[in-house]
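Structural overview for review
Each chain, letter by letter, is given below.
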Amino acid sequence: MTDMKHNLTCRQSLASAFQALSDEAVKAGWSEGDVALALAELAEERVIEITARVIMEGSIHPQLVAGGRNG
């Protein structure tokens, strides 16, 4: 499936930066558990923001949403 492959490629490209961020937080004195939880919460908040934006854009431009379904 293309979406899964695309997601895996994206994850691989972000993995080293993600690890570096986590390592820096641990070096600053945060526990690995605290860092992992904070990163997961930040990621969840980002997904919620993006989902809300998509929903709002759909409601602002209903003709585009309808056009996409029919086209």
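The notes below deal with the structure included here. If you're wondering where the values come from, they're calculated on a predicted model, not measured in any experiment.

1. Details of the pattern of salt bridges
Proximity of charged atoms lets side chains of opposite charge pair with each other. Tallied over the entire structure, the rule returns 2 salt bridges. Close ionic contact of Glu49 with Arg46 constitutes a salt bridge, the shortest N to O distance being 3.5 Å. With Glu49 and Arg46 both in helix H2 (residues 32-60) and 3 residues apart, this pair spans about one turn of that helix. The partly exposed category is assigned to Glu49, whose relative accessible area is 45%. Taking relative accessible area as the criterion, Arg46 reaches 43% and is therefore assigned partly exposed.

2. What to know about the layout of surface pockets
In this structure, the largest pocket encloses a volume near 340 Å³. Around the largest pocket sit Arg11, Leu14, Ala15, Ala17, Phe18, Leu21, Ala36, Leu39, Ala40, Leu42 and Ala43, which together line it. Looking at the lining of the largest pocket, the elements with two or more residues in it are helix H1 (2-27) and H2. No other element matches H1, which puts 6 residues into the lining of the largest pocket. When the residues that make up the lining of the largest pocket are grouped by side-chain class, the tally is 10 nonpolar, no polar and 1 charged.

3. Focus: the side chain of Ser22
Positionally, Ser22 belongs in helix H1. If we skip the residues at most four places from it in the chain, Ser22 touches Val35 and Leu39.

4. As for the environment of Glu32
By the secondary structure assignment, Glu32 is in helix H2. Accessibility expressed as a relative area gives 63% for Glu32, which makes it exposed. For the pair Glu32 and Ser22, spaced 10 residues apart in sequence, the C-alpha to C-alpha distance is 7.7 Å.

Parameters and conventions
Every chain is numbered independently, its residues counted from 1 as its sequence is written. Where local features are concerned, this predicted model is filtered to residues with pLDDT of at least 70; where side-chain atom pairs are given and counted, the filter is 80 or more; whole-chain, interface and lining totals use all residues. Neither water nor hydrogens contribute to the side-chain values; these are computed over all heavy atoms in the structure. The term salt bridge refers to a pairing of a side-chain nitrogen on Lys or Arg with a carboxyl oxygen on Asp or Glu at a separation within 4 Å. Only DSSP runs of H or I covering at least 4 residues are called helices, and only runs of E covering at least 2 are called strands; the numbering of each starts at the N terminus. Remark: exposure states derive from per-residue accessible area (1.4 Å probe, protein chains only) relative to the maximum for the residue type, with buried under 20%, exposed over 50%, and partly exposed in between. A 1.4 Å probe that fits but cannot get out identifies a cavity on a 1 Å grid over protein atoms alone, an open set with protein on both sides within 12 Å along at least five of seven lines counts as a pocket, and a residue lines either if it has an atom within 4 Å of a point. Grid points are joined across faces, edges and corners, and a volume is the space filled by probe spheres set on the points. Classification convention: Asp, Glu, Lys, Arg as charged; Ala, Val, Leu, Ile, Met, Phe, Trp, Tyr, Cys, Pro as nonpolar; all other residues, Gly among them, as polar. Contact criterion: two residues are considered in contact whenever any of their non-hydrogen atoms come within 4.5 Å of each other.

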